[in-house]
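Each chain, written out:
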There are 4 protein chains.
Amino acid sequence: MTQDTLSDLTQRLRQFAAERDWERFHTPKNLAMALTGEAGELAAEFQWLTEAESQDLDPARMARVQQEAADVLLYLVRLADKLGFDLLEAARLKIEHNARNYPAEQVRGSARKYNEY
Amino acid sequence: MTQDTLSDLTQRLRQFAAERDWERFHTPKNLAMALTGEAGELAAEFQWLTEAESQDLDPARMARVQQEAADVLLYLVRLADKLGFDLLEAARLKIEHNARNYPAEQVRGSARKYNEY
Amino acid sequence: MTQDTLSDLTQRLRQFAAERDWERFHTPKNLAMALTGEAGELAAEFQWLTEAESQDLDPARMARVQQEAADVLLYLVRLADKLGFDLLEAARLKIEHNARNYPAEQVRGSARKYNEY
Amino acid sequence: MTQDTLSDLTQRLRQFAAERDWERFHTPKNLAMALTGEAGELAAEFQWLTEAESQDLDPARMARVQQEAADVLLYLVRLADKLGFDLLEAARLKIEHNARNYPAEQVRGSARKYNEY
C-alpha cells in the first residue's frame, strides 16, 4: 500500500501543470469536462461485460481500468485544488449525509428508492 | 485539512454497503456506470458558465460542486476496492506515464497534440 | 408514429433558443458538455438494474428514460445545427464505416475485439 | 440534405445487430452505458478549446466530432428501439414541456435559474 496521500498527489499535479504552462487550460469548467471524458472511457471498459464478468477482469482490461480510474482521480484532485476545497473532507461530509438519508434499518437490501450508497 | 486517507474512506464505504446489504448492487460494472452519472452531474454545474465564471463560484454552486465531486470520489474508491487495486498507486503510475509522454520541454504551453496532463 | 423529422426539430430548437436569447449559451463546447450531463442522467436510470430488469421498465422509469433520451437528442440536434453538419448523414456514414470495420461473417456473436455495434 | 429518417436508421441498426448476433449485448442498460462513453468522447474533443474556438473547428476535429455525434445518435436510436418508444415523439413532448417551464418572456437572456432549453 502506497504511503502517498491526496495532498502529495495535489502537489505533484500542480508542479506538472506549471512545468508545462498548462495552468491556463485547467479552469474548473475544463477540468470537469475532461473528467466526464475519462469517466466515459472507464465505463466503456465495462459496457459489454455482464455484471459477473465485470468482477473478474482479464489482466489487459484490468490494466486499462486502473489507468482510466487514475485519470478520473487526477482530474478530480486537480479540480478540487483549483477550486480550493478539501476533497477528502467533502467525501467525509457526503458519507455522513448519505448515512442520515439512507438509515441502514430502513433501506436494507433495497435499491428501489434509496439508489445511492 | 482532514487527516483521513483513502484507506479510511475505503473502510467506511465497505461498512456502509454491508450495513445496508448493498454489496450485491456494487458490481464493478454498476459502479462504473454510477460514476458516469455523478461525473455528468458535476459537469452540469459548469455547463453554462464561462471559464472565468467557473473560477469564481457562488457559495450555493460551490456546495453542490463539492457534493458532486465527493460522489465521484466515493464511487471511484468503491470501484477500486471491489476490483482490489490501489487507487493512489494507480494515480502515481499514471503521472509517471504522463511525464514520459509529455516531456515538459517539448509540450510547454501547447494543448494541441498533448491535450492531457 | 410522428411525421416530424430531425429538420423540424432543428428549426423548433433554433426558434426556442432565439425567443429566449439563449443562443449565446449554446456554443458547441457548452452543448457537448450539457449532453454529457443528460447522458449521465439517462445512465443513472439503469445503474442498479440488472440487464434483464432494464428490458422491462416500470411506467414511471420508462417515462423518465424517454425524457432523458429526448434531452440527449435535443442537445445533439442543437450541436449539429450550430456546427452546420447533417446529423443523419453523419450517422449514415458511421454505419457504413462500422460495416467495413466489423464484417458480419468475422465478428458474429463476439464482442471481444469488436466491441461496438 | 439526406432524405433518411430516424425510422430508416432504426431499421438499418436492427439489421446490423442481427447480422452480427449482437442483439444479446444490446440490452437497454448496456446501450445507455455505451452512450455515456460516446458522449464522453464527444466532450473530449472540446475540453481544452475556448468557447470561441469550439465554434470554428479545424477539418480534422470537425470530422471526429461528426463521428462521435453519430455514435451518440446510433446508440440513442438503438436504445429507443429496444425499449419500444418513438424518439422524435419523446423529443417533441420534451420541447413542449420545456416551453411551459421556461416561458420566453420570463427567462429571456438568463441561464441562471433556467439553465436548460
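Rules behind the numbers
Residues numbered from 1 in each chain as written. Chains lettered and ligands numbered in written order. Predicted model: local features only at pLDDT ≥ 70, side-chain atom pairs only at ≥ 80, totals over all residues. Heavy atoms only, no water. Domains from an automatic or database assignment. Contact = heavy atoms within 4.5 Å. Buried area = accessible area lost by both parts, 1.4 Å probe. pLDDT = per-residue confidence, 0-100. Salt bridge = Lys/Arg side-chain N within 4 Å of Asp/Glu carboxyl O. Polar contact = N/O pair within 3.5 Å; in protein donor to acceptor, adjacent residues only side chain to side chain. Helix = DSSP H or I, 4+ residues; strand = E, 2+ residues; numbered from the N terminus. Nonpolar A, V, L, I, M, F, W, Y, C, P; charged D, E, K, R; others polar. Phe/Tyr/Trp six-rings, centres within 6.5 Å; stacked < 30°, edge-to-face > 60°. Lys NZ or Arg CZ within 6 Å of the ring centre and 35° of its normal. 1 Å grid on protein atoms, 1.4 Å probe; cavity = no way out; pocket = protein on both sides within 12 Å on 5 of 7 lines; lining within 4 Å. Points joined across faces, edges and corners; volume = space filled by probe spheres on them.

Our next topic: the domain arrangement of chain A. Residues and elements named next belong to chain A. One can read the domain layout of chain A as domain 1 (6-85) and domain 2 (86-117). Between the C-alpha centres of domain 1 and domain 2 there is a distance of 24 Å. Of the residues lining the interface, six residues belong to domain 1; the matching set on domain 2 comes to four residues. Both faces combined, the contact of domain 1 with domain 2 buries some 390 Å², and carbon together with sulfur accounts for 84% of it.

Residues and elements named next belong to chain A. Here chain A averages 91 in pLDDT, and 91% of its residues register 70 or above. Under a pLDDT of 50 for its full length, residues 113-117 has, in the predicted model, 23 contacts with residues more than four places off or in other chains. Scored as a whole, the predicted complex attains pTM 0.93, and scored at its interfaces, ipTM 0.92.

Moving on, we get to the interface of chain A and chain B. Of the residues lining the interface, 77 residues belong to chain A; the matching set on chain B comes to 76 residues. On the surface where chain A and chain B come into contact, there are two salt bridges. One salt bridge connects K94 of chain A with D71 of chain B, and the closest N-O pair in it is separated by 2.8 Å. At the boundary of chain A and chain B, one finds 19 residue pairs in polar contact (both at pLDDT 80 or more). Those elements giving two or more residues to the side of chain A that touches chain B turn out to be α1 (6-20), α2 (28-44), α3 (51-54), α4 (59-83), α5 (87-101) and α6 (104-107) of chain A. In terms of residue count, α4 of chain A provides more of the side of chain A that touches chain B than any other element does, 15 residues in total. Of the residues belonging to the side of chain A that touches chain B, the class tally is 43 nonpolar, 17 polar and 17 charged.

Applying the stated criterion across every chain, the model contains twelve aromatic pairs over all chains. Here the aromatic cluster, defined as three or more aromatic residues joined through ring pairs, consists of F16 and W22 of chain A together with Y102 of chain B. Positioned above the aromatic ring of F16 of chain A is the side chain of R20 of chain A, whose terminal nitrogen or guanidinium carbon lies 3.6 Å from the ring centre.

On to empty space enclosed by the protein. In the structure shown here, the tally under the stated rule is five cavities of 30 Å³ or more. Taken as a whole, the largest cavity encloses approximately 70 Å³ of empty space. What lines the largest cavity is simply T36, A39 and G40 of chain A, T36, A39 and G40 of chain B, T36, A39 and G40 of chain C together with T36, A39 and G40 of chain D. Those elements that place two or more of their residues in the lining of the largest cavity are α2 of chain A, α2 (28-44) of chain B, α2 (28-44) of chain C together with α2 (28-44) of chain D. When its residues are assigned to classes, the lining of the largest cavity shows four nonpolar, eight polar and no charged.

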